[in-house]
Amino acid sequence: MRFVSTRGESSPAGFTEALSAGLADDGGLYVPERFPSYDLERFRTAGSFPEMAALFIEPFLRGDALESQVGEICTRAFDFPLPLTDLKDRTALLELFHGPTAAFKDFGARFLAECYERIASGADRGTTTVLVATSGDTGGAVAAAFHRRPGVRVAVLYPVDGVSPRQERHLTCWDDNVQSFAVGGSFDDCQRIVKQAFADSELCSRMRLTSANSINIGRLLPQAAYYAVASVLYERRHGIAPGFVIPAGNMGNAIGAFWARRMGFPIRRILLAANANRAVPDWFDNAEWRPRPPLTTLANAMDVGNPSNMERLFHLYPERESLLADTASRSVDDATIRQVIAAGPESWGQVWCPHTATAVHLREQTNTPDWVIVATAHAAKFETIVEPLIGREVEVPSALAELLERPTQVTRIEPRLEELIRQLDRGGQAL
Ligand SMILES: *Cc1c(COP(=O)(O)O)cnc(C)c1O
């Protein structure tokens, strides 16, 4: 299998090459050259999620150095539960928050880490440095996934005043091969430093820089796998293909659903829930693609004004009309998010995180049955928002509690690349 750029100007790459590069060299995003087709019967008679994920991902690694290891990669990466829980009114909940940092990003980050570890241990490769800028959930998931992996070290940059207290703990509770940098600036400053680092070819080769951000193909494949598996499971239980309601920000999670549908998995409709950042819903309404500066909302991991994965959706659907036939998108404001969370225990017997609440609202607005609500994070990650609304404490899942008890360490830096380099040269050895 080869991967091509959405912009069509770079040469096709194998899986390992596309994964290591992150972005194609024409600035586009990697997509599969062709989508494989599957014998769905094999998924119907299926075993555990890691087994089915391996079945799903294997064709994408065909011909790659990692092909023979896909089973082991999936078993180790997805070592936590993935429940599809039936709620009321022919509605199920896909709980993507049982990984170590309690959000769906654990799937992609852990799969990527298993792949990188194997690539890095290939002949003679020295230490790879994974550099990430984060506004919250991504950095924690990547740090957790790469912690103590041989041959790899991680540098996470976050804005010193831009993350919640619990998010900050997830970013700073590491040691050994993970270094956290609190940057005296905004998320944009963090991203600028990372971009400057990747533009410096001497630095890239000296530090073997690589990215782990959400446009990486290695993060998308596991996200497509859980839609494939959940759709087959729902259909087996209820005899009908479900629709999925997905909280969407940068659109990486949702692209997984579109890819699974294109590959023939039983997905009836896709509803994209946005927060007050309206670029995607506005495009559905009026065909105008107008990226804009991000707005701050209660669902902060979806505060994206220019969702980069839309480029993959445009590539998948050159004709907008065919997409509109079975997809829709709506914006949900903060006041509604609050109402949905406050009513959650009574209406659904659930405590929602602010991101999941956007999807719950769209589900409540439709009157057709057979929907899967995609729960992207555990409410305990956003306790400062959720607890006052429901009037009680949210129980912290044990994996999360463990992280919250670890000692923290962080290096404070000014928003300049030279300072980051000086700090990286000084410490943070890989094992
Ligand atoms: C990252 C994130 C999202 C948005 O996912 P995208 O892939 O950026 O669309 C939604 N909810 C939570 C909890 C997240 O961490």
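Predicted model only: the values in this text are computed from it and were never measured.

Visitor: Just checking my understanding: could you explain the overall build of the protein chain for this structure?
Guide: In terms of helices and strands, the protein chain carries 19 helices and 13 strands. In terms of C-alpha radius of gyration, the protein chain reaches 20 Å, essentially the compact-globule figure of 22 Å for 431 residues. Expressed as lengths along the three principal axes of its C-alpha atoms, the size of the protein chain is roughly 60 × 50 × 40 Å. Looking at the protein chain as a whole, 59% of its 431 residues qualify as buried. On the protein chain, roughly 16,900 Å² of surface is accessible, and the fraction owed to carbon and sulfur atoms is 47%. With 44 positive and 53 negative side-chain charges, the protein chain shows a separation of 1 Å between the mean positions of the two kinds.

Visitor: What exactly am I supposed to notice about the environment of Thr-358 here?
Guide: Tracing the backbone shows Thr-358 in helix H16 (residues 354-365). The sequence separation of Thr-358 and Ser-322 amounts to 36 residues, and the corresponding C-alpha distance is 25 Å. Excluding anything up to four places from it in sequence, Thr-358 contacts Pro-247, Ala-273, Ala-274, Met-302, Val-332 and Ile-337.

Visitor: How do you make sense of the site of the ligand when you look at a structure like this?
Guide: Not every one of the 14 residues close to the ligand is listed here, only the nearest: Lys-105, Asp-137, Gly-249, Asn-250 and Met-251. The backbone of Asn-250 places a nitrogen or oxygen atom 2.8 Å from an oxygen atom of the ligand. Here the ligand, which alone exposes 380 Å², has 97% of that area covered by the protein. Looking at the shell around the ligand residue by residue, the classes come out as six nonpolar, six polar and two charged.

Visitor: Explanation requested: the packing of helix H3 (residues 49-57) against helix H10 (residues 217-238) in the structure shown.
Guide: For any two helices packed against each other, the geometry comes down to the angle between their axes and how far apart the axes lie. At a closest axis distance of 9 Å, the pairing of H3 and H10 adopts a crossing angle of 115°. Here H3 is positioned roughly perpendicular relative to H10, judged by the angle of their axes. In terms of crossing hand, the pair formed by H3 and H10 is right-handed. Side by side, H3 and H10 meet where Phe-49, Met-52, Ala-53, Phe-56 and Ile-57 of the first sit next to Leu-221, Pro-222, Ala-224, Ala-225, Tyr-226, Ala-228 and Val-229 of the second. In terms of residue class, the contact of H3 with H10 is made up of 12 nonpolar, no polar and no charged.

Visitor: Before we go on, may I ask you to explain the packing of H3 against helix H4 (residues 70-77) in this structure?
Guide: Across the interface, H3 lies against H4 with an axial gap of 8 Å and an inter-helix angle of 140°. By the angle between their axes, H3 is oblique relative to H4. For the pair H3 and H4, the sense of crossing is right-handed. For the pair H3 and H4, contact is made by Pro-50, Ala-53, Ala-54 and Ile-57 and by Val-70, Gly-71, Cys-74 and Thr-75, respectively. Classifying every residue of the contact of H3 with H4 gives six nonpolar, two polar and no charged.

Visitor: What's the story with the sheet that holds strand S11 (residues 327-331) in this structure? I'm lost.
Guide: Hydrogen bonds between backbone groups are what pair the strands of a sheet, and the pairing can be parallel or antiparallel. Pairing within the open sheet is mixed, and its six strands lie in the order S3-S4-S12-S9-S10-S11. Looking at the sheet topology across the chains shown, the edges are occupied by strand S3 (84-86) and S11. Each strand axis lies, on average, 20° off the axis of its neighbour in the sheet, ignoring direction. With three bridges connecting them, strand S9 (residues 243-247) and strand S12 (residues 371-375) associate as parallel partners. Counted as the bridge partner of Phe-244 is Val-372 from S12. Taken strand by strand, H10 contacts S3, strand S4 (91-95), S9 and S12, and its axis lies near 35° from that of S3. Against the sheet, H16 contacts S4, S9, strand S10 (270-274), S11 and S12, and its axis sits at roughly 140° relative to S9.

Visitor: Would you take a moment to explain unusual backbone geometry for this structure?
Guide: Phi is mostly negative for residues that are not glycine, and the peptide bonds are mostly trans. You will see that Met-251, though not glycine, has its phi angle at about 75°, which is positive. Mapped onto the elements of the fold, Met-251 is located in the loop between S9 and helix H11 (252-262). The exposure class assigned to Met-251 is buried, which follows from its relative accessible area of 2%. A positive phi angle, close to 65°, is found at Ala-287, a residue other than glycine. Within the secondary structure layout, Ala-287 lies in the loop between helix H12 (279-286) and helix H13 (310-316).

Visitor: Just to check I follow, could you spell out the packing of aromatic side chains for this structure?
Guide: One pair of aromatic rings is described through two measures. These are the centre distance and the angle between the planes. The final tally for this structure, using the stated rule, is 23 aromatic pairs. A ring pair is formed by Tyr-38 and Phe-56, whose centres lie 5.3 Å apart and whose planes are at 10°; its orientation type is stacked. Placement of Tyr-38 in the loop between strand S2 (30-32) and helix H2 (40-44) and of Phe-56 in helix H3 is noted, with a sequence separation of 18 residues between them. Each ring, one from Trp-289 and one from Phe-314, has its centre 5.5 Å from the other, and the planes form 80°; the classification is edge-to-face. Within this pair, whereas Trp-289 is found in the loop between H12 and H13, its partner Phe-314 is found in helix H13, the two being separated by 25 residues in sequence. With relative accessibility at 28%, the residue Trp-289 sits in the partly exposed group.

Visitor: I tried to follow the pattern of salt bridges on my own but got confused; where do I start?
Guide: Where charged atoms of side chains with opposite charge meet at close range, the side chains can pair. Across all of its chains, the model carries 26 salt bridges by this definition. Members of the salt-bridge network, linked through shared partners, are Glu-72, Arg-76, Glu-114, Glu-117, Arg-118 and Arg-149.

How each quantity is defined
- Residues numbered from 1 in each chain as written.
- Predicted model: local features only at pLDDT ≥ 70, side-chain atom pairs only at ≥ 80, totals over all residues.
- Heavy atoms only, no water.
- Helix = DSSP H or I, 4+ residues; strand = E, 2+ residues; numbered from the N terminus.
- Rg over C-alpha atoms; globule rule 2.2 N^0.38 Å.
- Buried < 20%, exposed > 50% of the residue type's maximum accessible area, 1.4 Å probe, protein only.
- Areas by Shrake-Rupley, 256 points an atom, 1.4 Å probe, with all protein chains shown as cover.
- Lys, Arg positive; Asp, Glu negative; His and termini not counted.
- Charge placed at Lys NZ, Arg CZ, Asp CG, Glu CD.
- Contact = heavy atoms within 4.5 Å.
- Near = heavy atom within 4 Å.
- Polar contact = N/O pair within 3.5 Å; in protein donor to acceptor, adjacent residues only side chain to side chain.
- Nonpolar A, V, L, I, M, F, W, Y, C, P; charged D, E, K, R; others polar.
- Axes fitted to C-alpha atoms, helices over the stretch in contact; angles between N-to-C directions.
- Parallel < 35°, antiparallel > 145°, perpendicular 65-115°, else oblique.
- Left-handed = near helix turned anticlockwise from the far one by under 90°.
- Pairing = 2+ DSSP bridges.
- Phe/Tyr/Trp six-rings, centres within 6.5 Å; stacked < 30°, edge-to-face > 60°.
- Salt bridge = Lys/Arg side-chain N within 4 Å of Asp/Glu carboxyl O.

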